[in-house]
Amino acid sequence: MGFISCTFLAVVSALAFCPVPATAASGPNIILIYADDLGMGMLGCYGQEIVKTPNIDRLAKQGIMFTRCYSSQYCCPARASLLMGVHDSHSRSYTQTNGGLVITAEQQGWSNEELEKKAARAARIKPSGGEVFLPELLKKAGYVTGQFGKLEWGFTTWHGELKRHGWDRYVGYMDHQRAHGYYPSFLWKDGERLPLPGNTHADGGKTPEIYGP
């Protein structure tokens, strides 16, 4: 049985989690890196010579490099397009679930069950029952699926949605706003909170984003 990992942040250290070896009979393992704010010109394997990216370069050398792959410049529709294989660039063609719910959950002491119910009610992205997602297709092909980093299409997701889309394992942020901070008090791992001792800010320690003219 092969293994697919999908990360929506450029945090390749999480890929060390991959525990399932490929065999000749099962086909290759797949690691798909889908990164926010990382253009192809920022990696050594595509010709960038200033910042060293040896681990990603090694993956590219051993795998497949995409040179004609296009995506939205906005993270939510980009991830939805990856998950569902749909075009994302038409006016008013998508909506998004608001972020910040996990921050509120920590501030107000909600249980995981309370957060799950509130997130499902607040979701504005409503796929039909017949929608098919990328990890579902890979599971049918015999893969174990995992996702690491900024989870799902955003801006708030929950355990039930991740399982509905076909993910077997996951570790990361369920909240887009919280993912902008480097020091969350916990991440999510397969439906449970994964504490990060020493971090105390509900917003992950997010710094202000100040833009000039």
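Parameters at a glance
- Residues numbered from 1 in each chain as written.
- Predicted model: local features only at pLDDT ≥ 70, side-chain atom pairs only at ≥ 80, totals over all residues.
- Heavy atoms only, no water.
- Helix = DSSP H or I, 4+ residues; strand = E, 2+ residues; numbered from the N terminus.
- Buried < 20%, exposed > 50% of the residue type's maximum accessible area, 1.4 Å probe, protein only.
- Contact = heavy atoms within 4.5 Å.
- Core = buried A, V, L, I, M, F, W, Y, C linked by side-chain atoms within 4.5 Å.
- Pairing = 2+ DSSP bridges.
- Right-handed = clockwise from strand over helix to strand, strands pointing away.
- Polar contact = N/O pair within 3.5 Å; in protein donor to acceptor, adjacent residues only side chain to side chain.
- Axes fitted to C-alpha atoms, helices over the stretch in contact; angles between N-to-C directions.
- Left-handed = near helix turned anticlockwise from the far one by under 90°.
- Nonpolar A, V, L, I, M, F, W, Y, C, P; charged D, E, K, R; others polar.
- Salt bridge = Lys/Arg side-chain N within 4 Å of Asp/Glu carboxyl O.

A. How the structure looks around the overall build of the protein. Along the backbone of the protein there are six helices and six strands. For the protein, the N- to C-terminal ordering of α and β elements is β-β-α-α-α-α-α-β-α-β-β-β. Expressed as a percentage of its 213 residues, the buried residues of the protein come to 38%. Long-range pairs, those at least 24 residues apart, make up 58% of the contacts in the protein with a sequence separation of at least 6.

B. Representation of the nonpolar core. Residues Val102, Leu115, Trp153, Leu162, Tyr170, Met174 and Trp188 are the most contacted members of the largest nonpolar core, which totals 23 residues. When residues of this core are traced back to their parent elements, those giving at least two are helix H2 (75–84), helix H3 (101–108), helix H4 (112–122) and strand S5 (186–189). Residues in contact with leucine 162, not counting those within four places in the same chain, are Gln147, Leu151, Glu152, Thr157, Trp167, Tyr170 and Met174.

C. Inspection of the pairing of strand S3 (residues 144–150) at higher detail. In terms of residue burial, S3 counts as a mostly covered element, since seven of its seven residues are buried. Relative to strand S4 (residues 169–173), S3 is paired through five bridges, and the arrangement is parallel. Looking at the pairing, glutamine 147 lines up with tyrosine 170 of S4. Regarding topology, helix H6 (residues 159–164) serves as the crossover connection from S3 to the parallel S4, and that connection is right-handed.

D. Up close: the side chain of histidine 165. Here histidine 165 shows up in the loop between H6 and S4. Within polar-contact distance, the side chain of histidine 165 engages the side chain of glutamate 152 at 2.4 Å. If near-sequence neighbours (up to four positions away) are discounted, histidine 165 is found in contact with Leu83, Phe133, Pro135, Glu136, Glu152 and Trp153.

E. Representation of the packing of H3 against H4. In the contact formed by H3 and H4, the axes pass within 11 Å of each other and the chain directions differ by 145°. In this structure, H3 crosses over H4, and the sense of that crossing is right-handed. Of the residues in H4, those in contact with Leu101, Val102 and Ala105 of H3 are Leu115, Lys118 and Ala119. Considering only residue class, the contact of H3 with H4 consists of five nonpolar, no polar and one charged.

F. Looking closely at the pattern of salt bridges. Overall, the coordinates contain four salt bridges when judged by the stated rule. We note a salt bridge from arginine 164 to glutamate 136, for which the minimum N-O separation is 3.2 Å. Highlighted residues: arginine 164 in helix H6 and glutamate 136 in helix H5 (residues 134–140), separated in sequence by 28 residues. When its relative accessible area of 22% is taken as the criterion, glutamate 136 is described as partly exposed.

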